[in-house]
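# Reading the structure
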Amino acid sequence: MFRWLIVACVSMLLLGGSARAESDPPTGAPAGTAVGDSTTPPASAEVPPPFDKADTAWMLMASALVLFMTPGLAFFYGGLVRRKNVLSVLMQCFMCMGLVTVIWVFFGFSLAFGGDTAGGFIGDPGQYFLLNGVGFGTTMKVAGTWTTVPGQLFAAFQCMFAIITPALILGAFAERMKFSAFTLFIAFWLIVVYCPVAHWVWGGAEGFFGLGKDGALDFAGGTVIHVNAGVAALVAVLVMGKRQGYPTRISPPHNLPFAVLGAGMLWFGWFGFNAGSAGGAGEGAVRAFAVTHIAAATAGFAWSLIEWMRNGRPTVLGIITGAVAGLVAITPASGYVDAGGALCIGLGACIFSFIFVAVLKEKFGYDDSLDVFGVHGIAGLWGAIATGIFAVEGFGIDGKGGLLTGNIAQLGVQFKALLYTVVWSAFASFVLLKFVDMLVGLRPTEHDERVGLDLTDHAETAYTLVE
Amino acid sequence: MFRWLIVACVSMLLLGGSARAESDPPTGAPAGTAVGDSTTPPASAEVPPPFDKADTAWMLMASALVLFMTPGLAFFYGGLVRRKNVLSVLMQCFMCMGLVTVIWVFFGFSLAFGGDTAGGFIGDPGQYFLLNGVGFGTTMKVAGTWTTVPGQLFAAFQCMFAIITPALILGAFAERMKFSAFTLFIAFWLIVVYCPVAHWVWGGAEGFFGLGKDGALDFAGGTVIHVNAGVAALVAVLVMGKRQGYPTRISPPHNLPFAVLGAGMLWFGWFGFNAGSAGGAGEGAVRAFAVTHIAAATAGFAWSLIEWMRNGRPTVLGIITGAVAGLVAITPASGYVDAGGALCIGLGACIFSFIFVAVLKEKFGYDDSLDVFGVHGIAGLWGAIATGIFAVEGFGIDGKGGLLTGNIAQLGVQFKALLYTVVWSAFASFVLLKFVDMLVGLRPTEHDERVGLDLTDHAETAYTLVE
Amino acid sequence: MFRWLIVACVSMLLLGGSARAESDPPTGAPAGTAVGDSTTPPASAEVPPPFDKADTAWMLMASALVLFMTPGLAFFYGGLVRRKNVLSVLMQCFMCMGLVTVIWVFFGFSLAFGGDTAGGFIGDPGQYFLLNGVGFGTTMKVAGTWTTVPGQLFAAFQCMFAIITPALILGAFAERMKFSAFTLFIAFWLIVVYCPVAHWVWGGAEGFFGLGKDGALDFAGGTVIHVNAGVAALVAVLVMGKRQGYPTRISPPHNLPFAVLGAGMLWFGWFGFNAGSAGGAGEGAVRAFAVTHIAAATAGFAWSLIEWMRNGRPTVLGIITGAVAGLVAITPASGYVDAGGALCIGLGACIFSFIFVAVLKEKFGYDDSLDVFGVHGIAGLWGAIATGIFAVEGFGIDGKGGLLTGNIAQLGVQFKALLYTVVWSAFASFVLLKFVDMLVGLRPTEHDERVGLDLTDHAETAYTLVE
Amino acid sequence: MKYVIAVIQPDRLNDVLDELEKAEVHLVTAVQIMGRGRQKGIAEVYRGHKEAGSLLRKVKIEVAVNDSFLQPTIDAITKGARTGHIGDGKIFVLDMEQCIRIRTGETGSVAIG
Amino acid sequence: MKYVIAVIQPDRLNDVLDELEKAEVHLVTAVQIMGRGRQKGIAEVYRGHKEAGSLLRKVKIEVAVNDSFLQPTIDAITKGARTGHIGDGKIFVLDMEQCIRIRTGETGSVAIG
Amino acid sequence: MKYVIAVIQPDRLNDVLDELEKAEVHLVTAVQIMGRGRQKGIAEVYRGHKEAGSLLRKVKIEVAVNDSFLQPTIDAITKGARTGHIGDGKIFVLDMEQCIRIRTGETGSVAIG
Ligand SMILES: Nc1ncnc2c1ncn2[C@@H]1O[C@H](COP(=O)(O)OP(=O)(O)O)[C@@H](O)[C@H]1O
Ligand SMILES: Nc1ncnc2c1ncn2[C@@H]1O[C@H](COP(=O)(O)OP(=O)(O)O)[C@@H](O)[C@H]1O
Ligand SMILES: Nc1ncnc2c1ncn2[C@@H]1O[C@H](COP(=O)(O)OP(=O)(O)O)[C@@H](O)[C@H]1O
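Residues numbered from 1 in each chain as written. Chains lettered and ligands numbered in written order. Predicted model: local features only at pLDDT ≥ 70, side-chain atom pairs only at ≥ 80, totals over all residues. Heavy atoms only, no water.

So, on to the overall build of chain D. The helix and strand tally for chain D stands at three helices and seven strands. Secondary structure of chain D in N-to-C order comes out as β-α-β-β-β-β-α-β-β-α. Taking 113 residues into account, the globule formula puts the C-alpha radius of gyration at 13 Å, and chain D, at 17 Å, lies well above it. Based on the C-alpha atoms only, the size of chain D along its principal axes is roughly 55 × 30 × 20 Å. With 113 residues in all, chain D has 62% of them scored as buried. Across chain D, the fraction of contacts at a sequence separation of at least 24, relative to all contacts at a separation of at least 6, is 73%. When the accessible surface of chain D is totalled, it reaches about 4,100 Å², and 51% of it is carbon and sulfur. Side chains of chain D carry 16 positive and 15 negative charges; the gap between the two charge centres is 9 Å. (Helix = DSSP H or I, 4+ residues; strand = E, 2+ residues; numbered from the N terminus. Rg over C-alpha atoms; globule rule 2.2 N^0.38 Å. Buried < 20%, exposed > 50% of the residue type's maximum accessible area, 1.4 Å probe, protein only. Contact = heavy atoms within 4.5 Å. Areas by Shrake-Rupley, 256 points an atom, 1.4 Å probe, with all protein chains shown as cover. Lys, Arg positive; Asp, Glu negative; His and termini not counted. Charge placed at Lys NZ, Arg CZ, Asp CG, Glu CD.)

This next bit is on the overall build of chain A. Of regular secondary structure, chain A possesses 15 helices and four strands. When contacts within chain A are restricted to residue pairs at least 6 apart in sequence, those whose partners lie at least 24 apart make up 76%.

Not every one of the 23 residues close to ligand 2 is listed here, only the nearest: R38(E), G87(E), K90(E), A64(F) and R103(F). Interatomic distance of 2.9 Å between a backbone N/O atom of A64(F) and a nitrogen atom of ligand 2. With respect to ligand 2, the side chain of R101(F) contributes an N or O atom lying 3.3 Å from an oxygen atom. Surface burial for ligand 2 is 99%, taken as the share of its 550 Å² of free accessible area covered by protein chains. Those elements giving two or more residues to the shell around ligand 2 turn out to be β2 (28–36) and β6 (90–95) of chain E together with β2 (28–36) and β5 (56–65) of chain F. The element that contributes the greatest number of residues to the shell around ligand 2 is β5(F), accounting for three residues. The class makeup of the residues in the shell around ligand 2 is eight nonpolar, seven polar and eight charged. (Near = heavy atom within 4 Å. Polar contact = N/O pair within 3.5 Å; in protein donor to acceptor, adjacent residues only side chain to side chain. Nonpolar A, V, L, I, M, F, W, Y, C, P; charged D, E, K, R; others polar.)

Before going further, it helps to examine the nonpolar core. Of all hydrophobic cores here, the largest spans 536 residues; its most connected members are W58(A), Y194(A), W58(B), Y194(B), W58(C) and Y194(C). Membership of the second largest hydrophobic core comes to 39 residues, among which are L94(D), Y3(E), I5(E) and C99(F). (Core = buried A, V, L, I, M, F, W, Y, C linked by side-chain atoms within 4.5 Å.)

Turning next to the packing of helix α2 (residues 53–78) of chain B against helix α3 (residues 86–113) of chain B. All names here are of chain B. Direction vectors running N to C along α2 and α3 enclose 160 degrees, while the axes themselves pass 8 Å from each other. Judged by the inter-axis angle, α2 sits roughly antiparallel to α3. The two elements α2 and α3 cross, and the hand of that crossing is right-handed. On the side of α2, the interface is formed by L67, T70, P71, L73, A74, F75, Y77 and G78, while α3 contributes V86, V89, L90, C93 and M97. Taken together, the residues of the contact of α2 with α3 sort by class into eleven nonpolar, two polar and no charged. (Axes fitted to C-alpha atoms, helices over the stretch in contact; angles between N-to-C directions. Parallel < 35°, antiparallel > 145°, perpendicular 65-115°, else oblique. Left-handed = near helix turned anticlockwise from the far one by under 90°.)

Here the focus is the site of ligand 1. Neighbouring ligand 1 are 23 residues, the closest being R38(D), G87(D), K90(D), A64(E) and R103(E). Flanking ligand 1 are residues from chains D and E. For ligand 1, a nitrogen atom lies 2.7 Å from a polar atom in the side chain of K90(D). At 2.8 Å from an oxygen atom of ligand 1 is found a side-chain nitrogen or oxygen belonging to R103(E). Relative to its free-state accessible area of 550 Å², ligand 1 is covered by the protein chains to the extent of 99%. At the level of elements, β2 (28–36) and β6 (90–95) of chain D together with β2 and β5 (56–65) of chain E are the ones that each hand at least two residues to the shell around ligand 1.

Residue-level pLDDT values for chain D average 91, and 96% of them are 70 or greater. Scoring the predicted complex yields pTM 0.95 and, for the interface, ipTM 0.94. (pLDDT = per-residue confidence, 0-100.)

Right, let's get into the pattern of salt bridges. For the structure shown, the criterion picks out 63 salt bridges over all chains. Among the salt bridges present, the one from D55(C) reaches K53(A), with a minimum N-O distance of 2.8 Å. With D55(C) in helix α2 (residues 53–78) and K53(A) in helix α2 (residues 53–78), the pair connects residues from two separate chains. Among the ionic contacts, a cluster of salt bridges with common partners joins K60(D), E62(D), K60(E), E62(E), K60(F) and E62(F). (Salt bridge = Lys/Arg side-chain N within 4 Å of Asp/Glu carboxyl O.)

A word on the confidence of the model for chain A. Counting all residues, the mean pLDDT for chain A is 90, and 89% of those residues have values of 70 or more. This stretch, residues 17–44 of chain A, has a pLDDT under 50; its non-local contacts, to residues over four places away or in other chains, come to 37 contacts.

A word on the interface of chain C and chain A. Each partner contributes to the interface: chain C provides 71 residues, whereas chain A provides 72 residues. Summing both sides of the interface, chain C and chain A together bury roughly 5,900 Å²; the carbon and sulfur share of this comes to 80%. Counting every contact that joins chain C to chain A gives two salt bridges. In this structure, K53(A) and D52(C) form a salt bridge, with 3.6 Å as the shortest nitrogen-oxygen distance. If you look at where chain C meets chain A, you find ten residue pairs in polar contact (both at pLDDT 80 or more). Among the elements of the structure, α2, α8 (256–276), α9 (283–311), α10 (316–330), α11 (339–364) and α12 (372–390) of chain C are those that each provide at least two residues to the side of chain C that touches chain A. Here the side of chain C that touches chain A takes 16 residues from α9(C), the largest share from any one element. Considered class by class, the residues forming the side of chain C that touches chain A number 46 nonpolar, 14 polar and eleven charged. (Buried area = accessible area lost by both parts, 1.4 Å probe.)

So, about a nonpolar patch on the surface. On the surface, F435(A), M438(A), L439(A) and V440(A) cluster together into a nonpolar patch covering about 380 Å² of accessible area. Mapped onto the secondary structure, L439(A) falls in helix α13 (residues 408–439). (Patch = residues over 30% accessible without salt bridge, like charges linked within 9 Å, V, L, I, M, F, W, Y side chains within 5 Å.)

This part takes up the relation of the copies chain C and chain A. Overlaying chain C on chain A yields an RMSD of 0.0 Å, the required transformation being a rotation through 120 degrees with an accompanying axial translation of 0.0 Å. Taken together, the rotation and translation relating the two chain copies correspond to the operation of a three-fold axis. Among all C-alpha atoms of chain C, that of A54(C) lies closest to the rotation axis, at 2.7 Å. (Least-squares fit on C-alpha atoms with pLDDT ≥ 70 in both.)

Now for the packing of helix α1 (residues 13–22) of chain D against helix α2 (residues 70–81) of chain D. Residue and element names in this part refer to chain D. At their nearest, the axes of α1 and α2 sit 8 Å apart, and the two run at 145 degrees to each other. For the pair α1 and α2, the crossing hand works out as right-handed. In contact with D15, V16, E19 and L20 of α1, α2 contributes T73, A76, I77, K79, G80 and A81. Looking at the contact of α1 with α2 residue by residue, the classes come out as five nonpolar, two polar and three charged.

All names here are of chain B. Checked against the element boundaries, S425 lands in helix α13 (residues 408–439). With 201 residues separating them along the chain, S425 and V224 place their C-alpha atoms 9.7 Å apart. Once you skip the residues sitting within four places of it in the chain, S425 turns out to touch W189, V193, N228, V231 and A232.

So, about the packing of aromatic side chains. Counted under the stated rule, the structure contains 108 aromatic pairs over all chains. Measuring from centroid to centroid gives 6.2 Å for F179(C) and F182(C), while their planes differ by 20 degrees, and the two rings are stacked. A residue pair is termed a helical-turn pair when its members lie 3 or 4 positions apart in one helix, as F179(C) and F182(C) do in helix α5 (residues 179–203) at three residues. Ring pairs connect the aromatic residues F68(A), F268(A), F68(B), F268(B), F68(C) and F268(C), which therefore count as one cluster. (Phe/Tyr/Trp six-rings, centres within 6.5 Å; stacked < 30°, edge-to-face > 60°.)

Side chains that are three or four residues apart share a direction in an α-helix, a result of its 3.6 residues per turn. The end-to-end C-alpha distance of helix α3 (residues 86–113) of chain A is 35 Å, clearly below the 40 Å that 28 residues give at a rise of 1.5 Å each. Buried residues dominate α3(A), accounting for 26 of its 28 residues. (Expected span 1.5 Å × (residues − 1).)

Following this line, the structure appears as structure tokens:
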């Protein structure tokens, strides 16, 4: 034990020291000196334009909102599992918050948003190592455009996205993956799947395969995040097999109010997610905000109606599932459509997800514990396609909008971007899962799964029964 | 089933198409073109002034905060009912989020903020149908004044208000209204009660009855929202009758921590509600923020003291009830009073609500399940009156402030606005309830009410007991 | 009862009247008049510079976020106690929100931020009595510098800090302090301990002992808030003695998901706490935001690793405890370090807190119910010291940074500030506790403690068992 | 001495307690259980997946009484719990050999009340 | 008449209920309990403090049956609950003197089913 | 064989478990219940409305023992649970006819431990 502490202390000082050594002078000049006149921006010969304070105010908030989504997701998922596994779900979400951030700071951000490396497959991991060279008071050039907020704020905002993406996946194999396997898997997945895809779509000058140049529309990460996570989820489900007792022996959600709380937090946080993706407090943010809300509401409402017609009783789990599906689907479209488009996208998300979750899943018989593929994957795919349908004029290739304004090409580009993401995510996730299985084994023992992961993986129980 | 899906898909495409057809060119010009120079604003000959980004940053946040209040309310209410009905409360809140938004987008916003129709009774439903003509990047003229944020953001902010108002009512008939009846009731109520009243107070050039011209003070909707909902709640309670077993056979709150969580979320969200009603990040917002906090704190603290003196033990339910009463009461006053006024308004809200909830309700014997009238109605009435008492100079008719600065007329105007709202809300709510009762029946069967609405209306249970 | 109500009403009117009498003309001029040209700012001969709207937008939000931390703390603490005491914890937190605000409005703010009195020991209580003279639309001079937001917003932001500080302490004596004693204690403690220390560090022109002039770095209140509360907690623990049955007969946390929820809310709110301490939406806020997130994530992750190595199983309670320790430690440093520094500070916070909580506490045998000293005290001390180590150039005495950039003097100054705070907090807290013990007695009867404070102090139970 | 176990509808608990009180049976324990009876439960639905949902919430109460109190106890429970609908529940009577009051160590009939 | 009490693993509940159904024993109550048995619990850890953690979650079911149904009931429970691992639980059989159906007031064997 | 039911104060559970362990009675089940006893509850208050509040939280434990273990079990529970205050609770002893270990199918005395 004490050995470890000494090691930790020493490495801490070294790290601090090295951080010092590598760090350029603080980008923020001491009070009294005008910002940005004496410091030469590190990674670019150009002088970065000053940041906009109103944009910064909004992006600070938006980043906080996106961070808040991960606890929200934890409760959305945690409420749906059984009592004996709720902590394992919460723990995995918090592990994402911890581990992903650490990786992001060291080289994850650099992998996603550094200069093109390996032919644009990924960013240069050394460029922003330890976030050096990313300014606290200076803007940053991303894929050829300057942010209007300081680079570090952009990095923090993106960090929140990187946290929630692997967290989304965990719903698929909830109640049946060992924590050690989970930890390794998300670390690898972040580096091998998330960072490259983020780089292609947002970070590269042109992008591997020219995704950026093509003009694929993805406002807030429908493809990078939801399709990506949804596909990885499906692969994980197939690789790992079913939970013991699935489908007849699984108790219903142990605490639906928690799931509702989580849904509320997600809806709230999603405003930061989508409207924050505008990068500032301008027209894009307003548009994203408005259509996000409309799509979520429409999809939740529509899900209730479908259940009402089909089963005679609309359910709480249904309305929140619908709302989340709507939020997912509007994500890539949120900067490009109007209220009518949002209504349609929400409605479509609800219909397609419902069919998958309530009809096809039972047919296919796979055990996607919390319907990550059915909700995030399917609604994400629909959203990416729908962006190519409903985009209004002024956006899309040459500003021609989507299919409804006659721009068929846009739809093709959307499919292309989806295809690359699906293929890479499926392939790489599969390999990573097999690799982690070799290293530590994916599933707990039969006994551990029966007793529940809270106790066997974390030595805790969520609620006292007798006290 | 599949029939329905086909119908849905077709109507979706039609909707998308029509949205396209009707939609004017996107108000936000493509990147590179200066905002607002080539596009002629649709509904007005004047050129709208550009929006303010700092105001937009705050209003984005404020809108998100107000949305967050509805899940907060769901938990505030949900924690207080019995285990067997908690989901029905959560469901009704989420239904408001879904259904109200859809109505709002189609024509609700237009009814409230469109041009005067029917002599100023309501807005023109066609003017902003599907939010067409409301700009994502252009400001909007509301009741003769230009917003400083884009029109769509204003519409979204107002949408959050329209969501929470019917949600407030449901606490009154919690545990005893059929979900089908609830859904119909709120849809009608929104259109027939909320939209007109919102139009009179905020949306009309002069307002029906000249409410706007008179100079009635209602900063953030004390009358439109809280008095309106509180009166409808009282009417609903009287129309529907008591719960089975009331008052001796009703178990205490099943989960008080949930109610506390809800209260925390409400307090947090109320900053968006009140300070957002300033429309921007200026002096009005600061004033509203400060006095909102003071009134909530004072009322919560005072409620504790009253209980301490009266029963010897202050309760958690008491302190959160007090805080909510304080928040309600400060709502109409929040832009017009100072710290001293906020203290008095909070204190008064606490005293009057306490008397109603703890003394008079038992005397009268009506069953207002969660004291919507006692808290929202009474504190709302007090707040509207108190605004006419404590408004500081610079506000009110001719900027003369309220009663304490000698402006007695203000008090009269406040009473007049209250009177119209109370009368219309009571009358129309009564008619609507009777109408819905005829259509589907308001109350569940005796058996369903006994088993609980979660199971009988939604086919779910909130918590597993044995798993 | 009715006697009391009459007294309350009369005093209310008097209060309102006096508020009116004392109040200067509203700082915000009526619409149409330019802001600030005709009104002479009340407490200063200089003309205050106008406020910045973007800064105001962010500070409105940040203040709301900090308020949200107190319910977050309530759940963080409430989930960890036993079922029979959860309401008492929630109640104490809400009491802080109520009572502290009222004191703050009357004279607390003035004590902390009024002009130097008693040789700089404390502020002038009359200067901002009832917040008079603090502008809603005008900036304010604090310790020689003008805020860039209206004074009332600054006062509200600071009020949220004053609320959470005594709330932090209550975790130490959770489950064993009478509510009456608690209420008296925090009222006294706020006035006698918090306000002076806040005055020394932030409010005074030079500060008692010259803390301000010395150049001690404390960005967001690590010393004023966390060390201060942590030391008071330790003293309280020693004065009050152990809970019945400690350590072998205490049940584990009754609802760990609540604690996780609270941790999520704290993390979210802490962005307002730290980045809001920059006072605006500039570089300081961005820096604070980024490093806050990094430190929290690092510490949470590291705690998991330590547990993994030591016990074979990382726990949920561990990861959230670590995250909170990281947030505490980064608080004083958040405006002055970079990503590397944040990693080190987070790591250190985790290690030192872990040793205290898991090893030394059991050795010493004191009963700090929820480890307030171990987490807030220890991580707070480390954070204050670490600020003197890892501050980057451009900050600190003469902008020379911390120890790692060769500025040893900084470390000395940090120790000096700590010393004063620890001594005063320990001494005054001890005296106050003894005094309250004399007045009403600190501990409940043995029977009451056994039955639980929810029932015996508040006449409520948190959850129904049979209904 | 007899040990009486009764399974009743949750919302009848207060009535049963009141009736027992009237019958001078003050001491009782109550617990929430799930019961499968003739009263068919409503099938629960989760994302389209139907649960058998055969278990319904009930309350179980247990009372230890002296023999002379047995019939009054049964009558009181019946009176308080009966609604005439399916699902009203059952009363089970077991023989009890011994009863001890922990506080005093008293045993037998005297310890029951 | 017999009163059968069984302590089983929580995840076997559905199987036991199914088996009982097959044995035509429809009526049953179930409750969540904590049990200390041969199956050693995993020590819980809270901030480094180890709990004895000897109690594990179990489910207790109770069935009142007529004498002729006793053996089928025991067999059904055994069949549904047995995994062959430590922790499978126990069945306890008590004699029952009387049974009353609250709804109708019927007593004895006829009231059981 | 006997079936022992004890109602105790929640905070004595650990002591009772320890005492039982010392008496070599390892196996036991525990459940949280509400009890109405001589110990008067504190009236709960909700928005000024007073609840009767007659029910207090208790813990019920159940132990099946062989006859020779009966007295040690009673003694152990008494020792662990007694505080001398009202509300300490009761022990009820019922006769048990049969005991089956599900895992092995063993019956009778041997299946108890
Ligand atoms: N033989 C039995 N064994 C165990 N529990 C029973 C038995 N009979 C009834 N119960 C319990 O009583 C409850 C009510 O029984 P039910 O058959 O629904 O009512 P009724 O007495 O009106 O026919 C059931 O849910 C079950 O928990
Ligand atoms: N004699 C007993 N008295 C009370 N409860 C018992 C008794 N024996 C077993 N149990 C309950 O049954 C559960 C399972 O018993 P255990 O000894 O773990 O399994 P096995 O039957 O495989 O040896 C225990 O957790 C306990 O709750
Ligand atoms: N005759 C009884 N039948 C059922 N439960 C009982 C009986 N007597 C006592 N209890 C249970 O024991 C608990 C403690 O009993 P109480 O009378 O308060 O204590 P004491 O033994 O000190 O008189 C009660 O709350 C009740 O749940």
